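Now for the letters of each chain:
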Amino acid sequence: MTSVRDPRDELPDHLPALRAFALSLTRNGAAADDLVQDTIVKAWTNLDKFQAGSNMRAWLFTILRNTFYSLKRRTRREVADPDGIHAGSLFVKPAHDGRLVYKDFTAAFDQLSAEQREVLILVGASGFSYEEAAGMMGVAVGTVKSRANRARARLAKLLGLAEGEDVLADTDGGTLAVMGRSGTQAA
Amino acid sequence: MLEHMTGQDKKSSLKEQIDENLRRVYQDALNEEVPDRLKQLLEQLRAKEAGK
């Protein structure tokens, strides 16, 4: 039988990923640090609820995103804008030759709603599967897929790379799930 | 080159470009130094627990 590591010893390993995920949600360094701090304290006091041997990163990410959304609901600093429509109206579509310029991409990424950034980072960048993301977000797998497709389509539209919202809507979900898992090394 | 691609090719190329950039956004954030106060917080929590 393999010995299971004390989760307290494992926590520091997840700090960079927690902060990267927090930055994806807040897009602000100071706010991301505060969010990670709250997450660590909550995780520490609830460690008895963590199932040893299960995915600690997924557990921590869940605490972080729940903390973020409950704080957001409480403070109401942002106008409710789940699809980023209002934020996007201030954004100037970049000129390009069909290739994405990173600076333009990050500017467009900032225009998305936190919900859109969350789903894209979870399944598109941090190496979680659609199933894992669904567990973290507390929604059905199909909801994660449609949210991710809508968020990609919105990014494409902001970047002037596609005509409309439905461009990516029928992308094959199976392929996406495989790609999500293949990105594990980035996590 | 883009005009020779089928609709499906364009779609997957677009998705690849988006995901490539998403990974870079995440990787850039991962590469940032974790502030000392977050590392210290873990040490403080551990010290507090040891003192119980």
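Residues numbered from 1 in each chain as written. Chains lettered and ligands numbered in written order. Predicted model: local features only at pLDDT ≥ 70, side-chain atom pairs only at ≥ 80, totals over all residues. Heavy atoms only, no water.

S.K.: Looking at this structure, how should I read the domain arrangement of chain A?
M.R.: Many analyses report the size of an interface as the accessible area lost when the parts associate. Residues and elements named next belong to chain A. Domain parsing of chain A yields domain 1 (7-77) and domain 2 (95-181). Domain 1 puts 13 residues into the contact, and the matching count from domain 2 is 14 residues. Interface area, domain 1 with domain 2, both sides summed: about 1100 Å², of which 56% is carbon and sulfur. Counting the surface domain 1 buries against domain 2, the share from its top three residues, Ser24, Arg27 and Arg65, is 40%. Scanning the region where domain 1 abuts domain 2 turns up 3 salt bridges. Note that Arg65 is salt-bridged to Glu118, the shortest N-O span being 2.7 Å. Here domain 1 is connected to domain 2 by 5 residue pairs in polar contact (both at pLDDT 80 or more). Elements supplying a minimum of two residues to the side of domain 1 that touches domain 2: α2 (15-26) and α4 (56-75). (Domains from an automatic or database assignment. Contact = heavy atoms within 4.5 Å. Buried area = accessible area lost by both parts, 1.4 Å probe. Salt bridge = Lys/Arg side-chain N within 4 Å of Asp/Glu carboxyl O. Polar contact = N/O pair within 3.5 Å; in protein donor to acceptor, adjacent residues only side chain to side chain. Helix = DSSP H or I, 4+ residues; strand = E, 2+ residues; numbered from the N terminus.)

S.K.: Where do I start with the environment of Leu112(A) in this structure?
M.R.: All names here are of chain A. Within the secondary structure layout, Leu112 lies in the loop between α6 (102-111) and α7 (114-125). Separated by 53 residues in sequence, Leu112 and Trp59 have C-alpha atoms that sit 25 Å apart. With near-sequence residues (within four places) excluded, Leu112 lies in contact with Arg117, Leu120, Ala151, Arg154, Leu155 and Leu158.

S.K.: Teacher, can you tell me more about the interface of chain B and chain A here?
M.R.: Counting from both sides, the interface comprises 30 residues of chain B and, opposite them, 47 residues of chain A. Between Glu49(B) and Arg8(A) there is a salt bridge whose closest N-O contact spans 2.6 Å. At the boundary of chain B and chain A, one finds 9 residue pairs in polar contact (both at pLDDT 80 or more). For the side of chain B that touches chain A, the leading source of residues is helix α1 (residues 7-31) of chain B, giving 17 residues. Residues that form the side of chain B that touches chain A fall into these classes: 14 nonpolar, 3 polar and 13 charged. (Nonpolar A, V, L, I, M, F, W, Y, C, P; charged D, E, K, R; others polar.)

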